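So the chains spell out like this:
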Protein chains: 2
Amino acid sequence: MNEQVTDSSSLPPDEIERRSFAIIGEELDRLRTIDPASVSSLTPETEAIVKRVIHTTADFDYARNLYFSPGAVVAGLDAFRNGAPVVTDTTMALSGINKQAAGKLGVEAHCLIADREVRESAAAAGTTRSRAAVDVAAERWPDAVYVIGNAPTALLRIRELIRDGRLTPRLVVGVPVGFVNVVESKDALIGRETTCIVARGRKGGSNVAAAIVNAFLYTLTR
Amino acid sequence: MNEQVTDSSSLPPDEIERRSFAIIGEELDRLRTIDPASVSSLTPETEAIVKRVIHTTADFDYARNLYFSPGAVVAGLDAFRNGAPVVTDTTMALSGINKQAAGKLGVEAHCLIADREVRESAAAAGTTRSRAAVDVAAERWPDAVYVIGNAPTALLRIRELIRDGRLTPRLVVGVPVGFVNVVESKDALIGRETTCIVARGRKGGSNVAAAIVNAFLYTLTR
């Protein structure tokens, strides 16, 4: 164990975060010099979100993967400033949302995947719990922020309910990860009227989903 | 929404997983042809774990990032087959572990970050809860599988306790993500006597930590 490890291991968490974001900023500057397209997701408006996702993944692909529909960041800030609820598709994304920051804004986070009504409704309809959870959430919180880090079926169902006028989300965070049906489920959101943040391509995940929510919460509370 | 989306969105989850792993296998074969070093983590022994991590992240860097100490996979399988407990550093990693599969093996998963004893002990010692959680866990479950997806201080503390003979983990999964102190905390595990699986470099995370545990659980229960 060298000197440097001992030194920085005693740093307080906020100083570690400050240094981490400084490193991320430097690397983004370097990437911009080499290839501006590699940081195409990055604008003054989106910066806090893009950097937070890179902080969570150490993956600079997100500097060009993330798609923001026009006004998505403002919509998210408005929603959370007014205490809009969050609905996630997995308990893992729910678990990653900073409850202290959410609490300061009166934001409640929900995941219905283990909800009794969802289980019964999925069994009765012969559908997945991810899909049924969106249906139940749409009735309880039609104008929540919907955050999908895992289930493309949930994202596709959100699109259907929006189309049918049964869901009017303030913002959709569409960042499921995977190899089957995932890219299509995300591409289906892009370029439509839905206010959304999407991780294009295969990458994403519950950690990315939670990081995007936390980026909004921290911008508003710190 | 095109035909293909509608079609594969109705696939059962196990079929989606089967197809996903087939795609991952094909891509790994392709990468091996282009550059064998890009899949250097992949052996018949480690395959289930490497593929599961790629399934969780859609990031093929893990085909060369993951380090397995000699006998790490066998040690993990032995541990979980005998119902060894798991200790995680975050509730998010805990949340990502498949409790049904764990339950079949009698494996209990714990995260002490919000434990009262940990909070009191961290406050009294002026240290982080991540570090104090390792100390408390070491007393309760000295030979558990320790799984760190976030906190390098937890990983450094695990090394110290092993050195001092106060912790004898069956396996250490060391996959914190980040930019400060993270690479050093992981490098400090590699090439020593500790039985470990480590994600070299900056990448990792609670999702990767849970995926590695799940890969073991699924190998033993499916």
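Definitions and limits used
Residues numbered from 1 in each chain as written. Chains lettered and ligands numbered in written order. Predicted model: local features only at pLDDT ≥ 70, side-chain atom pairs only at ≥ 80, totals over all residues. Heavy atoms only, no water. Contact = heavy atoms within 4.5 Å. Salt bridge = Lys/Arg side-chain N within 4 Å of Asp/Glu carboxyl O. Polar contact = N/O pair within 3.5 Å; in protein donor to acceptor, adjacent residues only side chain to side chain. Helix = DSSP H or I, 4+ residues; strand = E, 2+ residues; numbered from the N terminus. Nonpolar A, V, L, I, M, F, W, Y, C, P; charged D, E, K, R; others polar. Least-squares fit on C-alpha atoms with pLDDT ≥ 70 in both. Buried < 20%, exposed > 50% of the residue type's maximum accessible area, 1.4 Å probe, protein only. Pairing = 2+ DSSP bridges.

Asker: Which parts of the structure should I look at to understand the interface of chain B and chain A?
Answerer: Listed as interface residues are 39 residues of chain B and, on the opposing side, 40 residues of chain A. Viewed at the interface, chain A and chain B are joined by two salt bridges. Linking R202(B) and E27(A) is a salt bridge whose minimum nitrogen-to-oxygen distance equals 3.0 Å. Put simply, chain B and chain A have seven residue pairs in polar contact (both at pLDDT 80 or more) between them. Listed by contribution, the elements that provide at least two residues to the side of chain B that touches chain A are α1 (3-9), α2 (13-34), α3 (47-57), α6 (91-96), α10 (152-163) and α12 (206-221) of chain B. Sorting elements by how many residues they give to the side of chain B that touches chain A places α2(B) first, with six residues. For the side of chain B that touches chain A, the residue count by class is 15 nonpolar, 15 polar and nine charged.

Asker: Could you clarify how one ought to interpret the relation of the copies chain B and chain A in this entry?
Answerer: Mapping chain B onto chain A is achieved by rotating through 180° and translating by 0.0 Å along the same axis, at an RMSD of 0.0 Å. As the rotation angle and translation indicate, the two copies are arranged about a two-fold axis. The rotation axis passes nearest to the C-alpha of M92(B) in chain B, at a distance of 2.7 Å.

Asker: Any chance you could explain the pairing of strand β5 (residues 171-174) of chain A here in plain terms?
Answerer: Along any regular strand the residues' side chains alternate between the sheet's two faces. Residue and element names in this part refer to chain A. Of the two faces of β5, the one carrying L171 and V173 and the one carrying V172 and G174 are both buried. Note that strand β4 (residues 145-148) and β5 share four bridges and pair parallel. Residue V145 lies in a different strand from β5, and its bridge partner there is L171. With three bridges joining them, β5 and strand β6 (residues 196-199) adopt parallel strand pairing.

Asker: Honestly, unusual backbone geometry in this entry has me stumped. Any pointers?
Answerer: Backbone phi values are negative for most residues with the exception of glycine, while trans is the configuration of most peptide bonds. Look at N181(A): it is not a glycine, yet its phi comes out positive at around 75°. In this structure, N181(A) sits in the loop between β5 and α11 (182-187). According to the relative accessible area criterion, N181(A) is buried, its value standing at 3%. Unlike most non-glycine residues, A58(B) shows phi in positive territory, near 55°. Note that A58(B) resides in the loop between α3 and α4 (62-65). Given the relative accessible area of 8%, A58(B) is considered buried.

Asker: Could you clarify how one ought to interpret the pattern of salt bridges in this entry?
Answerer: As a working rule, side chains carrying opposite charge can pair if their charged atoms are close by. Residues and elements named next belong to chain A. Tallying each qualifying case throughout the model produces 38 salt bridges over all chains. The salt bridge partner of R157 is D135, with a shortest N-O separation of 2.7 Å. Residue R157 is located in helix α10 (residues 152-163), and its partner D135 is located in helix α9 (residues 129-140); the two are separated by 22 residues in the primary sequence. Among the ionic contacts, a cluster of salt bridges with common partners joins D59, D61, R64 and K203.

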